[in-house]
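Listed below are the residues making up each chain.
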Amino acid sequence: MFGRVIIGFCIILTVIGAVYVAAYAGFLIGLTRADPYPSFMLNYQLKAPGTYAQAERAFGEFVGDTFPIGSDAKQAVALITSQGFHIVSSTSVDFQLLWTRHAGPCDERYSIAIRQSEGGSIVEATGRLNPVCL
């Protein structure tokens, strides 16, 4: 009888240990995994600097270079939204777009603001990166 209790206790401990190891492994994988960038951001990904302070500055420059003044605002918004960004707010002359990327222990919130003229060309395009880390 005592042998059965010991065997049952060992089985319970083994199952609890296996569940703990699986949960811990899942947690570690989540800390190291990063979502891929949208395809229009591949140039940014290749030049992405090492610190968030540098990345915040680089993303603003990337948006300005990718969506230059005078280009078509509707095409830019269509491209950005087709790649996973969501329109947060819009008016007849202004679009605010947002995409959240999971990157290890952080979430990176990429925000793009596009202001257009009455003719539909871009007057201003700005980008902002806001990291939110554990």
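What you see is a predicted model; the values in this text were computed from it and never measured. (Residues numbered from 1 in each chain as written. Predicted model: local features only at pLDDT ≥ 70, side-chain atom pairs only at ≥ 80, totals over all residues. Heavy atoms only, no water.)

### Some points on the overall build of the chain
Item 1. Per the secondary structure count, the chain includes four helices and four strands.
Item 2. The order of α-helices and β-strands along the chain, N terminus first, is α-α-α-α-β-β-β-β.
Item 3. Restricting the contact set of the chain to residue pairs at least 6 apart, pairs at least 24 apart contribute 49%.
Item 4. For the chain, the exposed surface amounts to about 8500 Å²; the carbon and sulfur share of it is 63%. (Helix = DSSP H or I, 4+ residues; strand = E, 2+ residues; numbered from the N terminus. Contact = heavy atoms within 4.5 Å. Areas by Shrake-Rupley, 256 points an atom, 1.4 Å probe, with all protein chains shown as cover.)

### Regarding helix H4 (residues 73–82)
For an α-helix the count is 3.6 residues per turn, leaving residues at separations of three or four pointing the same way.
Item 1. Within the span of H4, buried status applies to Ala73, Ala76, Val77 and Ile80. Down the axis of H4, the smallest arc covering the buried residues is 95°, so these residues share one side. Structural note: H4 exposes Lys74, Gln75 and Ser82 on the side pointing more than 90 degrees away from its buried face.
Item 2. Against the buried residues of H4 lie strand S1 (86–90), strand S2 (94–103), strand S3 (106–116) and strand S4 (122–133).
Item 3. Two or three places before Lys74, at the start of H4, stands the capping residue Asp72, its side-chain oxygen 3.0 Å from that residue's backbone nitrogen.
Item 4. Just downstream of H4 lies Gly84, where phi reads positive at about 110°. (Buried < 20%, exposed > 50% of the residue type's maximum accessible area, 1.4 Å probe, protein only. Arc of directions from axis to C-beta. Polar contact = N/O pair within 3.5 Å; in protein donor to acceptor, adjacent residues only side chain to side chain.)

### A word on the pattern of salt bridges
Item 1. What the rule picks out here adds up to two salt bridges.
Item 2. When the shortest N-O distance is used, the salt bridge between Glu108 and Arg101 registers 2.8 Å.
Item 3. Given a relative accessible area of 9%, Arg101 falls into the buried group.
Item 4. A salt bridge links Arg115 to Glu124; its shortest N-O distance comes to 3.2 Å. (Salt bridge = Lys/Arg side-chain N within 4 Å of Asp/Glu carboxyl O.)

### A few points about the state of the cysteines
Item 1. Applying the stated criterion across every chain, the model contains one disulfide.
Item 2. The partner cysteine of Cys106 in its disulfide is Cys133, sulfur to sulfur 1.9 Å. Torsion about the S-S bond of the Cys106 and Cys133 cystine: about 100°, corresponding to right-handed handedness. Taken together, the residues Cys106 in strand S3 and Cys133 in strand S4 connect sequence positions 27 residues apart. (Disulfide = S-S within 2.5 Å.)

### Topic: the pairing of S3
Item 1. Bridging between S2 and S3 involves ten bridges; their strand directions are antiparallel. By the bridge assignment, Leu97 is partnered in S3 with Ile112.
Item 2. Between S2 and S3, which pair antiparallel one after the other, the connecting turn spans two residues, and Gly104 there sits at a positive phi close to 65°.
Item 3. Counted along the chain from S3 to the antiparallel partner S4, the turn is five residues long, and its residue Gly120 has a positive phi close to 95°. (Pairing = 2+ DSSP bridges.)

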